[in-house]
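Each chain is listed here by its residues.
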Amino acid sequence: MVKFCLCLLTCLAWSSQVQGGRTACRALSVPEGETTNLTCFFSEDVSKSRKGFTVLHINGKERPNPVVDCIWVIGVLECATEAAYVFDKVVASSMTVQIPRVSTNETGKYTCQITGSKSEDLESCELLLSAGRTTCDVQSSQPVEETTLTCYFPEDIGKSKRDFAVHHFNETGTSALVIDCAWVLGNLYCSKHPGYELDSSVSNRFVARIPRSLAGRYLCEVSGARLHHASLCSVGPPEDRRDLSGCDSRALTAAVIFLVVVIIVMIGIFIFLILQHLKRRKAPPSQSTSNCSCKALLERQRPEQNGAVV
């Protein structure tokens, strides 16, 4: 959305300046690998005049290379476009070519020209690579209470002599300038909060040692660079992670042992009950039970015999 607004403002500004048959262009410089647009401003509406047009790329001493070359065939716009460029064939008094991933191969001067235009009516523009992203990295060192913060710059700060700083963001989002470095008469001077230790040398990287007690997020910033060209890195307290991991492992071990013991006890009880059941089924009748049965049978027979005698 921001790039669209910038392109719109650029188109409005330059369309008012393209007069007297002149053709101009503008290219937005971005960091390497990002997307940019190249916009051509014609002196006429080529969708009505049906004139062909070409976008030429001039890189170093090489011959101009037509990255976009368009002609009208029976009222239909036909274009030949280089692989690194994208053109949607939407054209009037201006047109826009997209470069999805800018590299050094696409940098250099560009010229937009209409078929039949004169060289003195062409105004070129130049595409440059702007400063890349500033990143940072955190690595634990020994002792564990100390962490190394490394800032990676898109340029050699030791040569460009640009000021830089390190910001700290706590859990509530409050920021503090913890390291502030500036060049004075070619010498680097840094101010820092207590607890931070700095390396004296700086190039395309800068190293600082941070106590793990100062947990939070850190941002390395180069003077003059936009904040969206920098990324955050986090420092976490080691005590919590170490204790939590130890507790988790001990709790898991205890749970596994308890589960194994319960399973073994249940299996033992089950086997014991099965053995008792089988033992009872195979055992012979007891002596007392047999005697009782015989006595009961004799007593039932005695009344019958007495009745027969009478």
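Note that this is a predicted model, so its numbers are computed, not measured.

> Help me understand the layout of surface pockets, please; the structure alone is not making it clear to me.
To find leftover empty space, one rolls a probe the size of a water molecule over the atoms. In this structure, the second largest pocket encloses a volume near 240 Å³. For the second largest pocket, the lining is made up of 12 residues, of which Phe87, Asp88, Val90, Met95 and Thr96 are closest to its centre. With 4 residues, the top contributor of residues to the lining of the second largest pocket is strand S6 (residues 94–99). Residue composition of the lining of the second largest pocket, grouped by class: 7 nonpolar, 4 polar and 1 charged.

> So what exactly am I meant to see when it comes to the pattern of salt bridges here?
When the charged atoms of two side chains lie near each other, side chains of opposite charge can form a pair. Under the counting rule described, the total for this entry stands at 3 salt bridges. Notably, a salt bridge pairs Glu123 with Arg26, separated by 3.9 Å at the nearest N-O pair. Of this pair, Glu123 sits in the loop between strand S7 (108–114) and strand S8 (125–127) while Arg26 sits in strand S1 (residues 24–27), and the two are 97 residues apart along the sequence. On the basis of relative accessibility, which here comes to 25%, the residue Glu123 falls in the partly exposed class. In this structure, the salt-bridge partner of Lys51 is Glu44, at a minimum N-O distance of 3.3 Å.

> What is the right way to look at the confidence of the model for the protein in this model?
A low pLDDT score tells you not to read the predicted coordinates there in detail. In this model, the protein carries a mean pLDDT of 77, and residues with pLDDT of at least 70 account for 74%. Within the model, the stretch residues 1–19 combines pLDDT values under 50 with 17 contacts to residues more than four positions away or in other chains. With pLDDT under 50 throughout, residues 239–245 is counted as low confidence; its partners more than four residues away or in other chains account for 3 contacts.

> Would you explain the packing of aromatic side chains in this entry?
Describing an aromatic ring pair means giving the distance of the ring centres and the angle of the ring planes. Following the criterion strictly, the structure yields 6 aromatic pairs and no others. Measuring from centroid to centroid gives 6.3 Å for Tyr85 and Tyr110, while their planes differ by 70°, and the two rings are edge-to-face. Placement of the pair is Tyr85 in the loop between strand S5 (76–81) and S6 and Tyr110 in strand S7, with a sequence separation of 25 residues. Of the two residues, Tyr85 and Tyr110, neither departs from the other in class, the shared state being buried.

> What should I look at first to understand unusual backbone geometry in this one?
Excluding glycine, most residues fall at negative phi; most peptide bonds, likewise, are trans. In this structure, Arg50 is a non-glycine residue whose phi angle is positive, near 60°. For Arg50, the position within the fold is in the loop between helix H2 (46–49) and strand S3 (53–58). When its relative accessible area of 42% is taken as the criterion, Arg50 is described as partly exposed. Here Ile74, not a glycine, exhibits a phi torsion of approximately 50°, which is positive. Note that Ile74 resides in the loop between strand S4 (65–73) and S5.

> How should I be thinking about the pairing of strand S2 (residues 36–41) in this particular structure?
Each regular strand shows side chains that alternate between the opposite faces of the sheet. Counting buried residues in S2 gives 6 out of 6 residues, a clear majority hidden from the surface. In S2, alternate side chains face the same way, and those of Thr36, Leu38 and Cys40 on one face and Asn37, Thr39 and Phe41 on the other are all buried. Across 4 bridges, S1 lies against S2 in antiparallel orientation. The residue of S2 that forms the bridge with Cys25 is Cys40. Two strands pair when backbone bridges link them, and S2 and S6 are joined in this way by 6 bridges, in the antiparallel orientation. Counted as the bridge partner of Leu38 is Val97 from S6.

> Would you explain the side chain of Thr36 in this entry?
You can see Thr36 is positioned in strand S2. Discounting residues that sit within four places of it in the chain, Thr36 has contacts with Leu28, Val30, Val97, Gln98, Ile99, Val102 and Leu127.

> Before we go on, may I ask you to explain the sheet that holds S1 in this structure?
Note on sheets: strands pair through backbone hydrogen bonds, and any given pair is parallel or antiparallel. Strand order in the open sheet formed by 3 strands is S1-S2-S6, and the pairing between neighbours is antiparallel. Strands with a single pairing partner mark the edges of an open sheet, and in this sheet they are S1 and S6. Direction aside, neighbouring strands of the sheet carry axes that sit 15° apart on average.

What counts, and at which threshold
- Residues numbered from 1 in each chain as written.
- Predicted model: local features only at pLDDT ≥ 70, side-chain atom pairs only at ≥ 80, totals over all residues.
- Heavy atoms only, no water.
- 1 Å grid on protein atoms, 1.4 Å probe; cavity = no way out; pocket = protein on both sides within 12 Å on 5 of 7 lines; lining within 4 Å.
- Points joined across faces, edges and corners; volume = space filled by probe spheres on them.
- Helix = DSSP H or I, 4+ residues; strand = E, 2+ residues; numbered from the N terminus.
- Nonpolar A, V, L, I, M, F, W, Y, C, P; charged D, E, K, R; others polar.
- Salt bridge = Lys/Arg side-chain N within 4 Å of Asp/Glu carboxyl O.
- Buried < 20%, exposed > 50% of the residue type's maximum accessible area, 1.4 Å probe, protein only.
- pLDDT = per-residue confidence, 0-100.
- Contact = heavy atoms within 4.5 Å.
- Phe/Tyr/Trp six-rings, centres within 6.5 Å; stacked < 30°, edge-to-face > 60°.
- Pairing = 2+ DSSP bridges.
- Axes fitted to C-alpha atoms, helices over the stretch in contact; angles between N-to-C directions.

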